[in-house]
Amino acid sequence: MSTKRQQLIDCAMALFYQHGIHAIGINEVLKSSGIAKKTLYNHFESKEALVLATLEQRHHLFMSWLSRCLENAQTNELLEKQLFLALDQWINNKVEVLGDFRGCYFINTAAEFGELTNPINQLCQRHKLAVKALLKQSLNDDAAVERLFLLSEGIISTAYTCHDTDVAKRALKN
């Protein structure tokens, strides 16, 4: 991948995650990245294409991080503990690769692109299914996977919307 393309993705993802996609225009991405408009359009045919690229990158970063966090979870209890501890680290800004916590980039983005047939929304859906599939690798009980997935999504949403940095810790105690 070209350095300029990667620079655009990194810059756009940081701005979109911090402020929202609709709140950030292409000119702001260009200004912040220091890259010319022509270069941007050589790499991305549209803002939507840039958004999709940021989602792909975030998906890979998040899944790689979460996979490492859940390694060696041999029991349901250990998987739950490792997941909630990982979420607690992320919520409390202790996961450098994910940056400062601003909720779930995929939930935030799906809220801005609500039409289910939109490719951006569909990519957000695929991310959530991939997270659930990752949990299923360690847990063969479909009902338990669904419960753990829903709890983790609730933890992320509660942490962000209620500014509750202890929600994952409390979930661990129950």
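Above: the structure in question.
Rules of the game
- Residues numbered from 1 in each chain as written.
- Predicted model: local features only at pLDDT ≥ 70, side-chain atom pairs only at ≥ 80, totals over all residues.
- Heavy atoms only, no water.
- Helix = DSSP H or I, 4+ residues; strand = E, 2+ residues; numbered from the N terminus.
- Rg over C-alpha atoms; globule rule 2.2 N^0.38 Å.
- Buried < 20%, exposed > 50% of the residue type's maximum accessible area, 1.4 Å probe, protein only.
- Contact = heavy atoms within 4.5 Å.
- Polar contact = N/O pair within 3.5 Å; in protein donor to acceptor, adjacent residues only side chain to side chain.
- Salt bridge = Lys/Arg side-chain N within 4 Å of Asp/Glu carboxyl O.

Novice: I keep staring at the overall build of the protein chain and nothing clicks. Help me out?
Specialist: Helix and strand content of the protein chain: 9 helices and 0 strands. Secondary structure elements in the protein chain, listed N-terminal to C-terminal, are α-α-α-α-α-α-α-α-α. Relative to the compact-globule value of 16 Å for 174 residues, the protein chain shows a C-alpha radius of gyration of 17 Å, a close match. Dimensions of the protein chain, computed from C-alpha atoms along their principal axes, come out at roughly 50 × 30 × 30 Å. For the protein chain, buried positions account for 43% of its 174 residues. Nonlocal contacts in the protein chain, meaning residues at least 24 apart in sequence, comprise 64% of its contacts between residues at least 6 apart.

Novice: Quick question: what am I supposed to make of the side chain of D164 here?
Specialist: Relative to the helices and strands, D164 resides in the loop between α8 (142–161) and α9 (167–173). Owing to a relative accessible area of 18%, D164 belongs among the buried residues under this scheme. Polar contacts involving the side chain of D164 include one to the main-chain amide nitrogen of D166, which spans 3.1 Å. Leave out the neighbours within four places in its chain, and D164 touches I91, T158, A159 and R170.

Novice: Honestly, the pattern of salt bridges in this entry has me stumped. Any pointers?
Specialist: It is possible for side chains bearing opposite charge to pair when their charged atoms get close. Inspection of every chain in the model, using the stated rule, returns 7 salt bridges. Where R147 meets E80, a salt bridge forms, and the shortest distance between an N and an O atom there is 3.2 Å. In this pair, R147 sits in helix α8 while E80 sits in helix α5 (residues 76–91), placing the two residues 67 residues apart along the sequence. Exposure remark for R147: the relative accessible area of 43% places this residue in the partly exposed category. Each of D88, D166 and K169 takes part in salt bridges that share partners, so that together they form one network.

In short, geometric facts, not functional conclusions.
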